[in-house]
Amino acid sequence: MIDLTLSINTDLAREILTGFIKSEVTRIGMSHAVVGLSGGLDSALSCVLAAEALGAENVLAVRMPYKASSKDSLDHAQLLIDQLGVQSKTVEITDMVEPLFKLDPDISKMRMGNIMARERMIVLFDQSEVFKGLVIGTSNKTEILLGYSTHYGDAASAMNPIGDLYKTQVRQLSHALNIPAPIIDKPPSADLWEGQTDESELGFTYEEVDKILYLLVDQRYSPLEAMEVGFDEKFINAVMTRIRRNQFKRMQPPIAKISNRTIGYDFLYLRDWGT
Amino acid sequence: MKLNLALAQINTKLGDVDANLAKHLDYIKQAKSQKSDLLVFPELSLAGYVLRELFASVAHKPTEDDPVFKHLLKESHNLDLVVGFVDEDSRHRFYIASAYLSGGKVLHVHHKIYLPTYGLFDEGRFFAWGDSIRAFDTRFGRVGMLICEDFWHASPPYLLWLDGADIMLFSSASPGRGLNDKEKLESARWVERVTKAYASMFTSFVAHANRVGYEDGLHFWGGATLFDPNGEEIAIGPYNEEALTFAQMDLNQLRRTRARLPLLRDERTSLVQKELGRILSRD
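Residues numbered from 1 in each chain as written. Chains lettered and ligands numbered in written order. Predicted model: local features only at pLDDT ≥ 70, side-chain atom pairs only at ≥ 80, totals over all residues.

J.: Which residues make up the interface of chain A and chain B, and what values go with them?
T.: Facing 19 residues of chain A, the contacting portion of chain B comprises 22 residues. Each residue belonging to the side of chain A that touches chain B can be placed in one class, and the counts come to 9 nonpolar, 6 polar and 4 charged. (Contact = placed C-beta atoms within 7 Å. Nonpolar A, V, L, I, M, F, W, Y, C, P; charged D, E, K, R; others polar.)

Have a look at this one:
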């Protein structure tokens, strides 16, 4: 029976991921990073890794509450800021997003959530210029595969140290890195509206879906093979559909090719070109 | 006879040959100060690894008038060198290559014969496939060189063994992958397992120099190794950081091991040839 604990060597993960942040920031002559700290676990982990990689004084944690954001979110972010000794700033987004909400009385919760996520992206990239730091991504592998994020919102960053860790692995590494228990233990939430939780919105738990994703993606199991391991056919198909339908969020928009050499097709260089 | 080996696990600047050459010269100086006889650099040590369309702009020819190799050849008078680079032939085919330099001369150039073009790898898209596997003579005896994917296949080390190589020099730019709850990455464990196996099965010295550093999200894990003809680990470099690892090969160990374990003597090469002929002639 295949091991589905998804357990990782946290010392090695820590070494590789902090090395990655340090390399990507310093190779272009920079030394600082900016992290949007939501009070949740993913951004806490990215912030801890950045602080360890670059030194706490070189990391700016930005809290960006909306008027309906839970007070816990702000408090938990502060807990981590105090523990790490990173620099911090609070930029409330209410006055920025409300005028847009008011333009359409029928605006949906989904649209409001997306606008808030994109507003936070604007604040972070603006602070990136002020603080002269790269924006560190906070999306984990589970949400990237499921597309559970706002395109050009929370999914936007300059580099992502945790995007190859499933949510359950984020939890494991967070324990090892001494992230405060209230942050680890609370139900994951985008906190875009009151009472929202990831798992109720997705319709399954991270623990369940991570196992399926690990089989289908990492271990290249066919859906039939995943069923033989004991997973429900409907669940597998729902996950497969989500992965496929959200491919667009994981890519640069395709460019229509007309020349002999086109960006994305035959103009191919790493970002680290020359560094 | 003793051979003082130095294995350089360096980070490189992607596509910046001059900067990488400067680092080579620095490591050469360090190795000389420790009285090393042979210094081995990783795959594409002068160029960087994920070159994609930079492959042509970083190409060099291993000749005395080449602006990069003239420095390296000059340094090879009292320290033999293995360096990794992009070799461009006279008809403008580009190869992932390793050159063995000694006494101001190029003793051998190996073109990578297996270009991984699957998973995260895309070498076959940009590079030409090498088409020869040859051992060559050095002042320490007969040597064979292979580059990364070359030794993921069993036949190249086997052919080098039969061609007389008692010292195998492997170089890699091996991206780390397969993190689980084990002590080491899956890719590191795999490479260490097979290099140790080759040393054991071929009763030969097997040295491996691997890169460190990052290119975009890829991370190279280092961990240079030397195994002796008994398959014992003589030296292992640190993981994930630049290092120069020194190790001594006691070349007399070849004689002692092969007197005890005559695998080379007993290897039935004619049988291999006969069976290969039969297998390959099948429809």
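J.: Explain the domain arrangement of chain A to me, and be specific about the residues and the numbers.
T.: Residue and element names in this part refer to chain A. When the domains of chain A are assigned, the result is domain 1 (10-187) and domain 2 (204-249). Each of domain 1 and domain 2 has a C-alpha centre, and these two points are 26 Å apart. In this complex, domain 1 contributes 10 residues to the contact, which on the side of domain 2 involves 12 residues. Sorting the residues of the side of domain 1 that touches domain 2 by element identifies helix 6 (141-146) and helix 7 (167-176) as the ones contributing at least two each. Per element, the largest residue contribution to the side of domain 1 that touches domain 2 is 3 residues, and it comes from helix 6. Residue composition of the side of domain 1 that touches domain 2, grouped by class: 4 nonpolar, 5 polar and 1 charged. (Domains from an automatic or database assignment. Helix = DSSP H or I, 4+ residues; strand = E, 2+ residues; numbered from the N terminus.)

J.: Quick rundown of the pairing of strand 3 (residues 80-88) of chain B? Include the residues and the values.
T.: Residues and elements named next belong to chain B. The element strand 3 is largely enclosed, with a buried count of 8 among its 9 residues. One ladder, built from 3 bridges, connects strand 2 (residues 38-40) with strand 3; its direction is parallel. Within strand 3, the residue paired with L38 across the bridge is D80. By the bridge criterion, 8 bridges tie strand 3 to strand 4 (residues 94-102) in an arrangement that is antiparallel. Looking at the pairing, E88 lines up with F94 of strand 4. (Buried ≥ 20, exposed ≤ 12 C-beta atoms within 10 Å, placed from the backbone. Pairing = 2+ DSSP bridges.)

J.: Now, about the nonpolar core: what can you tell me, with residues and values included?
T.: Residue and element names in this part refer to chain A. With 151 residues, the main nonpolar core has C47 and A50 as its most contacted residues. The dominant element in this core, judged by the number of residues it contributes, is helix 2 (residues 41-54), at 10 residues. Summarising the domain contributions, this core has at least three residues from each of domain 1 (10-187) and domain 2 (204-249). (Core = buried A, V, L, I, M, F, W, Y, C linked by C-beta atoms within 7 Å.)

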